[in-house]
Amino acid sequence: MEVLAYLDQAVELFKDELGTNLSGIYLHGSLAMGCFHQDRSDIDLLIVVHDKLPVEVSRKLATKVIAYHDSLPNRRGVELTIVLKKYLKNFVHPTPFEFHFSDFHLDRYRNDEHYLCGGFEDADLAAHFAVVYQRGIILYGEPIREAFLPVDRQYYLDSILGDIGDAPQNIMNLPVYYTLNLCRVLYYLQEGYISSKKEGGIWGLQHLPAKYHGLLKQCLDEYSGGISRGGYDQALLIDYAEYMAGEIRQHQAKV
């Protein structure tokens, strides 16, 4: 896959910019889990440092990351977060982070030389840490099972539940995202498996009522790079989201 060649460039970028402060670089998300699609996926990186980043380092890094992002062949580029090494084994939820970049922040980074996303806490990092531990790929630094400890189930669950809490209200706007994410959450609640969106959808075809199978197949096809046929049945989407929310609540009660 063409995009794999760009991972070496990422490693060199962070080695050059962070020097001895760099502890590790880990790949997670769709590329690590074998369901990356160049037109729809981003490259997900978790960068680990020993010490906090000075503002001037973060600003210089932002400029270099924008250039790297622009060079990538996949449409959504890179999403990355830099965290302190101490949180890998002394986990805090939500987790503080030093620096974050994604296409969501790209315009702010381009248009405001003083803009930095960092110094906050992010509940999503529980899921990122868990995916790195279970499914991630080391690009630089200590082996994953030496650098990380497992994330407590309650923190991972809180993180992924945050992605689908508003599904009944918003599934019509993002049908693929919510349909497959709901499957991923229920899959985890029932079987404890940390899955990708694609794996969640495939599991849904095997375990959910037949009336939702057409919807799942349509979403899986679009997620895997098929041309969007549109025309989602809005009533079915809402029915599906409400059904899945009920199933998720029921299985949460058993945890």
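Since we're looking at a predicted model, the values are computed, not measured.

Across the junction of H93 and P94, the peptide omega takes the value -10 degrees, indicating a cis bond. Structurally, the position occupied by P94 is in the loop between α3 (86-89) and β4 (95-97).

This paragraph deals with the environment of A5. The topology assignment puts A5 in helix α1 (residues 5-18). A relative accessible area of 51% places A5 in the exposed class. For the pair A5 and L72, spaced 67 residues apart in the sequence, the C-alpha separation amounts to 10.0 Å.

Taken as a whole and assessed by the stated rule, the structure comprises 14 aromatic pairs. For the pair F97 and F120, a centre-to-centre distance of 6.2 Å together with 50 degrees between the ring planes defines the contact as tilted. A residue pair is termed long-range when its members are at least 10 positions apart, and F97 in strand β4 and F120 in strand β6 (residues 120-122) qualify at 23 residues. The class of F120 is partly exposed, set by a relative accessible area of 48%. Ring geometry for Y156 and Y188: centres 4.7 Å apart, planes at 70 degrees, overall edge-to-face. Within this pair, whereas Y156 is found in helix α7 (residues 153-161), its partner Y188 is found in helix α9 (residues 175-191), the two being separated by 32 residues in sequence. Looking at Y156, the relative accessible area reads 3%, which means it is buried. Clustering of aromatic rings is evident, with ring pairs tying together Y26, F91, F129, F148 and Y155. R145 extends its terminal NZ or CZ atom over the ring of Y133, reaching a point 4.0 Å from the ring centre.

Reading guide: rules and limits
Residue positions are counted from 1 within each chain, in the order its sequence is given. Only residues with pLDDT of 70 or above have their local features reported here, since the model is predicted, and side-chain atom pairs are shown and tallied only from 80 upward, although totals for entire chains, interfaces and linings are computed over all residues. Hydrogens and water molecules were not included; the side-chain quantities draw on all heavy atoms of the structure. Elements are defined by DSSP. Helices are runs of H or I of four residues or more, strands are runs of E of two residues or more, and each kind is numbered from the N terminus. When accessible area is computed with a 1.4 Å probe and restricted to protein chains, residues below 20% of their type maximum are described as buried, those above 50% as exposed, and intermediate ones as partly exposed. Side-chain rings of Phe, Tyr and Trp (the six-membered ring for Trp) are treated as a pair once their centres are within 6.5 Å; stacked means planes under 30 degrees apart, edge-to-face means over 60, and tilted covers the remaining angles. For a ring to carry a charge above it, either NZ of a lysine or CZ of an arginine must fall within 6 Å of the ring centroid while also lying within 35 degrees of the normal to the ring plane.

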